[in-house]
Amino acid sequence: MDLIYTNKNKEDVGILLDYDFDLAFGSGENDFELKVALDNHCCSDGCLVYIEGTEYGGIIDKVKIVTKSSEITYKGRTWHGILASKVIEPLKATDESSGGVVVHKGGKNFLKVTAKTQTVDGVTFTVNENGSIVGSGSASAILHDPIICDVTLQQGEKYILSGAVGWNRRLILYYKADHTKLNAEDRGQGVEITVPITGVYRLYIWTGSGESYNNNETFYPMLRVASDTSATFKPYDSLEDEYLMISGEANKCIQWLLERSGLADLFTASEEDSGLSIVGYKMNRYVDAYTGIKKMLASADGKLQITFQNGKVVLSALPLVDYSTDEEYDNDQVEMEIEKAYAPINHLICLGGGQLADRLVLHLYTDEQGKISPTQSLKGVDEVTDVLDYPNCESAEELEAEGKERLKASASSDSVKMSFDADESTYDIGDIVGAREIITGIAVAKAITKKIVSINKGKISIQYKVGE
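Scope of this entry: the structure provided in the associated data block.

**Regarding the overall build of the protein chain**
Line of reasoning, step 1. The helix and strand inventory of the protein chain stands at four helices and 35 strands.
Line of reasoning, step 2. Within the span of the protein chain, comprising 468 residues, buried residues form 44% of the whole.
Line of reasoning, step 3. Within the protein chain, contacts between residues separated by at least 24 positions form 65% of all contacts whose residues are at least 6 apart in sequence.
Line of reasoning, step 4. Total accessible area on the protein chain stands at roughly 22,700 Å², and carbon and sulfur atoms take up 47% of it.

See below:
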């Protein structure tokens, strides 16, 4: 396999022919060691090494020389390690929706408006860049103005249209090209909209005649994804330190994150449509980019594939594969350590905000098939109860979502530890494999968490690890 090396300017210089190349990526390690004879020294810090069309490569960070054996070892971060050395910071006020990716402003608002002042039918509206609208005066007739904003929406996406902060006046959304109305005028407040066609849509104020606006009466119109259940709202100028929440086609979300992290000069996302939709994914605060992207894709049953192609590290979102449905490893093939959980939590008492009797309380249950509902089916000794203490949640919907995540995590608490060798192209990090112990018949399925690659004199060996 041709191992290409570059200079510090990332320009190809030559090919290494006699080398030992060891890489590890996934959980924990994301680095490599490249050994060559000392008289074959050719690289320095900042140089790239890579095998075209594979994920095997990275950047040199260290150089070790052993004179006794006349060897030199180049050490560095794999492409995965470079991602892991970048941190995805919380939402910034400068973050904007772009490239088909919706940035949810704190999970509450993502409409960007152009500042203007406009008087219509006796009401003066001042529209501010932070999304607020200040109204003054009394309407003498039905208003279909002023224009609040134009926004590009994708076919099939679901949104909630509402005028936050207690505004009971209605908002109307039109398809800009032919002025087709998306929502009925009598359901403008909090109505769910399914986008019929990708394009630019225009948002208007609607209010009946005789409605009054007090001086400096401020409103925050909102267009948010239907899955966003946030109950409160924050304008654009108070978004620092919020969670970063994005939606969009998976590869477009990856590209947006790469550009935000300052990696777009070397890294790029696939231009293919992955078929995976990221819907309102909330990044952990200050998560490393490798972990954050993997978790984001996992939320859509996806995985991350990395290849070096034509001078770029290409990141692709792909559907993960569950190999456990077709094949299993057993203990005649590999050593393994299996733990099977038969009594996961099936009754979760979710405690939200409030004090004593006023505290928000929800009860969630799972049945024998793992279906979550507010109805209890397992009782007596079969009931396994736990408490979720979440006093800072913003709504009952958020408390319910957190409770469902806890129940899902408990239901998947089986564990397996094993390592096995396989062909180069068989598995990716995140793919599911199955393991079965022959005597007991106990079987579990878990994701691959680490991949260890060794290339020695052109021969490649790969070891996969599960549960480590």
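**Structural notes on helix 4 (residues 396–411)**
Every α-helix carries 3.6 residues per turn, so stepping three or four residues along brings you back to the same face.
Line of reasoning, step 1. The terminal C-alpha atoms of helix 4 lie 23 Å apart, and with 16 residues this matches the ideal 22 Å at 1.5 Å per residue to within 8%.
Line of reasoning, step 2. Looking only at helix 4, the buried set comprises Glu398, Leu399, Gly403, Leu407 and Ser410.
Line of reasoning, step 3. On its buried side, helix 4 packs onto strand 22 (277–282), strand 28 (347–351), strand 29 (361–366), strand 30 (372–373) and strand 31 (385–389).

**Brief notes about the sheet that holds strand 24 (residues 302–309)**
Line of reasoning, step 1. As summarised here, the arrangement of the three strands in space is 21-25-24, forming an open sheet in which the pairing is mixed. Here the strands that pair on one side only, and so sit at the sheet edges, are strand 21 (267–269) and strand 24. Here the strands of the sheet are splayed against their neighbours by 30 degrees on average, with no regard to which way each runs.
Line of reasoning, step 2. Relative to strand 25 (residues 312–319), strand 24 runs antiparallel, the two sharing eight bridges. By the bridge assignment, Thr307 is partnered in strand 25 with Val314.
Line of reasoning, step 3. Sheet contacts for helix 3 (residues 289–298): strand 24 and strand 25; angle to strand 24, the most-contacted strand, approximately 130 degrees.

**What to know about the side chain of Lys303**
Line of reasoning, step 1. Relative to the elements of secondary structure, Lys303 occurs in strand 24.
Line of reasoning, step 2. Residue Lys303 is classed as buried on the basis of its relative accessible area, which comes to 7%.
Line of reasoning, step 3. Separated by 3.1 Å, the side chains of Lys303 and Asp431 make a polar contact.
Line of reasoning, step 4. Non-local contacts of Lys303, meaning those with residues more than four positions away in its chain, are made with Leu297, Ser316, Ala317, Leu318, Pro319, Leu320, Val321, Asp428, Ile429 and Asp431.

**Here we look at the environment of Lys312**
Line of reasoning, step 1. Along the chain, Lys312 turns up in strand 25.
Line of reasoning, step 2. Separated by 260 residues in sequence, Lys312 and Glu52 place their C-alpha atoms 9.8 Å apart.
Line of reasoning, step 3. Residues in contact with Lys312, not counting those within four places in the same chain, are Ala264, Asp265, Leu266, Phe267, Thr268 and Thr307.

**Points about helix 3**
Line of reasoning, step 1. Within the sequence span of helix 3, burial applies to Ala289, Tyr290, Gly292, Ile293, Met296 and Leu297. Relative to the axis of helix 3, the buried residues are bounded by an arc of 170 degrees and lie together on one face.
Line of reasoning, step 2. The residue sitting at the N-terminus of helix 3 and contributing the capping side-chain oxygen is Asp288; that oxygen lies 3.1 Å from the backbone nitrogen of Tyr290.

**Focus: the nonpolar core**
Line of reasoning, step 1. One finds Phe21, Trp79, Leu83, Ile254, Phe267, Met296 and Leu315 to be the most contacted residues of the largest nonpolar core, which totals 68 residues.
Line of reasoning, step 2. Ranked by residues supplied to this core, first place goes to helix 2 (residues 250–260) with six residues.
Line of reasoning, step 3. With residues near it in sequence (within four places) discarded, Phe267 still touches Trp79, Ile82, Leu83, Leu258, Lys312, Val313 and Leu315.

**Observations concerning the sheet that holds strand 30**
Line of reasoning, step 1. What the four strands build is an open sheet, ordered 30-29-28-31; its pairing is mixed. Looking at the sheet topology across the chains shown, the edges are occupied by strand 30 and strand 31.
Line of reasoning, step 2. Pairing of strand 29 with strand 30, which is carried by two bridges, proceeds in the antiparallel orientation. Counted as the bridge partner of Thr366 is Ile372 from strand 30.
Line of reasoning, step 3. Against the sheet, helix 4 touches strand 28, strand 29, strand 30 and strand 31, its axis set at about 35 degrees to strand 29.

**Overview of the packing of helix 2 against helix 3**
Line of reasoning, step 1. At a minimum axis separation of 11 Å, helix 2 and helix 3 run at an interaxial angle of 160 degrees. Of the possible angle classes, the one that applies to helix 2 and helix 3 is roughly antiparallel. Relative to helix 3, the crossing made by helix 2 is right-handed. Of helix 3, the residues touching helix 2 (which contributes Ala250, Cys253, Ile254 and Leu257) are Ile293, Met296 and Leu297.
Line of reasoning, step 2. When grouped by side-chain class, the residues that make up the contact of helix 2 with helix 3 number seven nonpolar, no polar and no charged.

**So, the packing of aromatic side chains**
Line of reasoning, step 1. The final tally for this structure, using the stated rule, is six aromatic pairs.
Line of reasoning, step 2. Connected via pairs of aromatic rings, a cluster forms that spans Tyr50, Trp79, Phe267 and Phe308.

**A look at unusual backbone geometry**
What you tend to see is this: most non-glycine residues have negative phi, and most peptide bonds are trans.
Line of reasoning, step 1. Positive phi is not limited to glycine here, since Ser70 has a value of about 50 degrees.
Line of reasoning, step 2. Relative to the assigned elements, Ser70 resides in the loop between strand 6 (57–66) and strand 7 (71–78).
Line of reasoning, step 3. Unlike most non-glycine residues, Tyr286 shows phi in positive territory, near 55 degrees.
Line of reasoning, step 4. By the element assignment, Tyr286 lies in the loop between strand 22 and strand 23 (287–288).

**Some points on the side chain of Asn346**
Line of reasoning, step 1. Tracing the chain through its elements places Asn346 in the loop between strand 27 (336–339) and strand 28.
Line of reasoning, step 2. A relative accessible area of 5% means that Asn346 is categorised as buried.

**Comments concerning the pattern of salt bridges**
Line of reasoning, step 1. The full count for this structure, using the stated rule, is twelve salt bridges.
Line of reasoning, step 2. It is possible to trace a salt-bridge network through shared partners that takes in Lys303, Asp428 and Asp431.

The rules we used
Residues numbered from 1 in each chain as written. Predicted model: local features only at pLDDT ≥ 70, side-chain atom pairs only at ≥ 80, totals over all residues. Heavy atoms only, no water. Helix = DSSP H or I, 4+ residues; strand = E, 2+ residues; numbered from the N terminus. Buried < 20%, exposed > 50% of the residue type's maximum accessible area, 1.4 Å probe, protein only. Contact = heavy atoms within 4.5 Å. Areas by Shrake-Rupley, 256 points an atom, 1.4 Å probe, with all protein chains shown as cover. Expected span 1.5 Å × (residues − 1). Pairing = 2+ DSSP bridges. Axes fitted to C-alpha atoms, helices over the stretch in contact; angles between N-to-C directions. Polar contact = N/O pair within 3.5 Å; in protein donor to acceptor, adjacent residues only side chain to side chain. Arc of directions from axis to C-beta. Core = buried A, V, L, I, M, F, W, Y, C linked by side-chain atoms within 4.5 Å. Parallel < 35°, antiparallel > 145°, perpendicular 65-115°, else oblique. Left-handed = near helix turned anticlockwise from the far one by under 90°. Nonpolar A, V, L, I, M, F, W, Y, C, P; charged D, E, K, R; others polar. Phe/Tyr/Trp six-rings, centres within 6.5 Å; stacked < 30°, edge-to-face > 60°. Salt bridge = Lys/Arg side-chain N within 4 Å of Asp/Glu carboxyl O.

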